[in-house]
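Residue-level structural notes
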Amino acid sequence: MKKAIALLIATTALASPAMAEDLSVVGSWSSLPLHNQYEAPFWSTTLPAASGGDINVELTTHNAMSLGLGDIYPLLGQGVYDVAMTVADYAVADAPELEGLDVPLLALTADEARAMVDAARPMVSDIYRDRFNSHVLAIAPYPPQVVFCNAEISNLADLEGLKIRASGRMTAKLLEALGAESVSVSFGEVPGALQTGTVDCAVTGAGSGYSAGWWEVSTHLMPIPLGGWDSVVTAINLDKWNSLDADTQTLISSEVVSGFEDPAWASAQDALVNDIACLTGNGECPSGDARSMTLVDVSDADFDTARNILTSEVLPEWAERAGGDWAARWNDSVGKVVGVTIN
């Protein structure tokens, strides 16, 4: 009888479906293509379907929740929600070492940017585990972060003395080294700040600026990647991750690469050219109506000047601020990929 009961229990267990997992997911800016084209479809459709209905996702975005940008990952670590994704630079006040993920001017193509990200991933994983009690699932790009100005500019030197909204702390340090005044303004407040003269210029992705209507309040576009690629990190609360069985962890890890990360990177390669066409009218615009911003050519001399300031001043200052062995770790990973050594 005992054997029969044990067999019945085992058979019933095998026949029963696995317990469903509910994930509360907080996405990045709801108005931008990364969320609408990649994040939302992946979490709402692709992953639940791949799980056979065993994973249920409740999706919102951090701006819909009115979260403070610096609070997104700390709240993730506390378990307020299960998964979150946003720009890594929003978290550098709590983790200055994280600035080493998205260094300006070192990657000029999506392939170069992804090579940097792949090299940095072990460092980023350690940072999120130790600082935010979370496990990194993916790192995806916004388009290269370029300069929108509501001011007459013709070269890099014209940024000197202007008030400029930076897209991250390392970009702010670079702008200050170039003689500009870095001003802290959130992404959503930039159009008003440009219109009122609170800032003269602002740095963001060309596509993000197009989608958010920055062309309505700025006149000149300088396509030098002073803000890097604004890497967006997707992470899951570590306690939640550890509570999942191995098969579920493997499924999520695999699907997030093929269904979200890879497609986002694939589209980034042509994004800058297309977005510049949309903002300036120089070429075909695949996203809608082309606008008429003035395109400011970036000379080799301008690029070399900015790059020299980055390597001689900005990166050493970051290494000192991050402390510990982060500069050595960066040199041995990202630095080797891009051919830069922090002294």
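Structural data are supplied above this passage.
Overview of the structure. Keep in mind it's a predicted model, so treat the numbers as computed, not measured. (Residues numbered from 1 in each chain as written. Predicted model: local features only at pLDDT ≥ 70, side-chain atom pairs only at ≥ 80, totals over all residues. Heavy atoms only, no water.)

Here five strands make up an open sheet; going across it, the order is β2-β1-β3-β10-β4 and the pairing mixed. Unpaired on one side and paired on the other, β2 (55-61) and β4 (134-140) mark the two borders of the sheet. Going across the sheet, the axis of each strand differs from the next one's by a mean of 20°, ignoring polarity. Bridge count for strand β1 (residues 21-27) against β2 is seven bridges, and the pairing is parallel. For D22, the partnering residue across the bridge sits in β2 and is N56. Against the sheet, helix α4 (residues 110-132) engages β4 and β10 (232-237), with an angle of about 145° to β4. (Pairing = 2+ DSSP bridges. Helix = DSSP H or I, 4+ residues; strand = E, 2+ residues; numbered from the N terminus. Axes fitted to C-alpha atoms, helices over the stretch in contact; angles between N-to-C directions. Contact = heavy atoms within 4.5 Å.)

Disulfides are covalent bonds that connect the sulfur atoms of two cysteines. With the rule as written, the count across this model stands at two disulfides. Covalently, C149 is tied to C201 through a disulfide, its sulfur atoms 2.0 Å apart. Every disulfide takes its handedness from the sign of the S-S torsion; for C149 and C201 that torsion is 105°, giving right-handed. Note that C149 is positioned in strand β5 (residues 145-149) and C201 in strand β8 (residues 201-205), a separation of 52 residues in sequence. The pair formed by C149 and C201 is uniform in burial state, with each residue classed as buried. (Disulfide = S-S within 2.5 Å. Buried < 20%, exposed > 50% of the residue type's maximum accessible area, 1.4 Å probe, protein only.)

Turning our eyes to something else, we now look at the packing of α4 against helix α11 (residues 326-338). At their nearest, the axes of α4 and α11 sit 7 Å apart, and the two run at 160° to each other. Classified by the angle their axes make, α4 and α11 are roughly antiparallel. Along this stretch, α4 crosses α11, giving a crossing that reads as right-handed. Together, A115, M116, A119, A120, P122, M123, D126 and I127 of α4 and W326, R329, W330, S333, V334, V337 and V338 of α11 make up the contact between the two elements. Among the residues making up the contact of α4 with α11, the classes are represented as twelve nonpolar, one polar and two charged. (Parallel < 35°, antiparallel > 145°, perpendicular 65-115°, else oblique. Left-handed = near helix turned anticlockwise from the far one by under 90°. Nonpolar A, V, L, I, M, F, W, Y, C, P; charged D, E, K, R; others polar.)

To continue, consider unusual backbone geometry. Unlike most non-glycine residues, N133 shows phi in positive territory, near 45°. Relative to the helices and strands, N133 is located in the loop between α4 and β4. Of the residues examined, N133 reaches a relative accessible area of 22% and is grouped as partly exposed. Here the phi dihedral of D230 falls at roughly 45°; this positive angle occurs in a residue that is not glycine. Tracing the chain through its elements places D230 in the loop between β9 (220-222) and β10. What makes D230 buried here is its relative accessible area of 6%.

With that out of the way, let us pick up the side chain of N331. Relative to the elements of secondary structure, N331 occurs in helix α11. The exposure class of N331 is buried, given its relative accessible area of 15%. From its side chain, N331 meets the backbone nitrogen of I342 in a polar contact 2.8 Å long. Not counting residues up to four positions away in its chain, the partners in contact with N331 are K336, V340, T341 and I342. (Polar contact = N/O pair within 3.5 Å; in protein donor to acceptor, adjacent residues only side chain to side chain.)

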